Amino acid sequence: MNITIDKELNTLGLRCPEPIMLIRKSIRELAIGQVLHVIADDFATTRDVPSFCRHMDHELLSSQIESEPYQYWIKKSH
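From a predicted model like this one, the values you see are computed outputs, not experimental measurements.

The rules behind each value
- Starting afresh in each chain, residues are numbered from 1 along the sequence in its written order.
- In keeping with the predicted nature of the model, local features appear solely for residues at pLDDT of at least 70, side-chain atom pairs appear and are counted solely at 80 or more, and the whole-chain, interface and lining totals rest on all residues.
- With hydrogens and water stripped out, all remaining heavy atoms of the structure feed into the side-chain values.
- Here, a salt bridge means any side-chain nitrogen of Lys or Arg that lies within 4 Å of a carboxyl oxygen of Asp or Glu.
- By definition, any uninterrupted DSSP run of H or I lasting at least four residues is a helix, any uninterrupted run of E lasting at least two residues is a strand, and each is numbered from the N terminus.
- In this scheme, a residue with accessible area under 20% of its type's maximum is buried, one over 50% is exposed, and one in between is partly exposed, where area comes from a 1.4 Å probe on protein chains only.
- UniProt positions are given in the numbering used here, feature names are shortened, and annotations may be inferred rather than shown by experiment.
- What the arc covers is the set of directions going from the helix axis to the C-beta atoms.
- Note on contacts: a residue pair is in contact if any heavy atoms of the two residues lie within 4.5 Å.
- Among buried residues, the Ala, Val, Leu, Ile, Met, Phe, Trp, Tyr and Cys ones that are joined through side-chain atoms within 4.5 Å form a nonpolar core.
- The criterion for an aromatic pair is that two Phe, Tyr or Trp rings (for Trp, the six-membered ring) have centres within 6.5 Å, with stacked assigned to planes under 30 degrees apart, edge-to-face to planes over 60 apart and tilted to the rest.

### Examining the pattern of salt bridges
Move 1: One pass over the structure, following the stated rule, counts four salt bridges.
Move 2: The shortest N-O distance in the salt bridge between Lys7 and Glu29 comes to 2.4 Å. One end of the pair, Lys7, is in strand 1 (residues 7-10); the other, Glu29, is in the loop between helix 1 (18-28) and strand 2 (35-40), with 22 residues separating them in the sequence.
Move 3: The exposure class of Glu29 is partly exposed, given its relative accessible area of 46%.
Move 4: For Glu29, the salt bridge is made with Lys25, and the minimal N-O distance between the two is 2.9 Å.
Move 5: Taking relative accessible area as the criterion, Lys25 reaches 46% and is therefore assigned partly exposed.
Move 6: A cluster of three or more residues bridged by salt bridges with shared partners is formed by Lys7, Lys25 and Glu29.

If you want it as structure tokens, here you go:
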């Protein structure tokens, strides 16, 4: 996988709803088309991040949820 990352967000140790709140804040700071790389260890993110992307209409380019830390690559769509 070769994804250019514009910003990285480490949410290790944080629990729901903190990771999603920080993802939302970080996405706002990016330009359209930029990619946020999220690192998390809260199992709830495996459900919450894809749901956030669908709801907010951002593109989940890839995810790694087989083992901790979980990782997500989110492209800002608007």
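Having put the structure on the table, let's press on.
### Thoughts on the UniProt feature "domain: UPF0033" (unreviewed entry) in the protein
Move 1: According to UniProt, the "domain: UPF0033" (unreviewed entry) feature falls on residues 9-33.
Move 2: Along residues 9-33 one finds 44% helix and 8% strand; the C-alpha atoms at either end are 17 Å apart.

### What to know about helix 1
Move 1: For helix 1, the set of buried residues is Pro19, Ile23, Ser26 and Ile27. In an axial view of helix 1, the angular spread of the buried residues amounts to 100°, which keeps them on one side of the axis. In helix 1, the exposed positions angled more than 90 degrees off the buried face are occupied by Met21 and Arg28.
Move 2: In the core, the buried residues of helix 1 are packed alongside strand 1, strand 2, helix 2 (45-56) and strand 4 (70-75).

### Quick word on the nonpolar core
Move 1: Formed by 13 residues in total, the largest nonpolar core has its most connected members in Ile23, Ile27, Leu36, Val38, Val49, Tyr72 and Ile74.
Move 2: Secondary structure elements with two or more residues in this core: helix 1, strand 2, helix 2 and strand 4.
Move 3: If sequence neighbours within four positions are ignored, Val49 has contacts with Ile20, Ile23, Leu60, Tyr72 and Ile74.

### With respect to the packing of aromatic side chains
Move 1: Per the stated rule, a full pass over the model turns up one aromatic pair.
Move 2: Where Phe43 meets Tyr70, the ring centres are 6.3 Å apart and the plane angle is 65°; that geometry is what we call edge-to-face. With Phe43 in the loop between strand 2 and helix 2 and Tyr70 in strand 4, this pair connects stretches of sequence that are 27 residues apart.
Move 3: For Phe43, a relative accessible area of 60% puts it in the exposed group.
Move 4: Residue Tyr70 is classed as buried on the basis of its relative accessible area of 7%.

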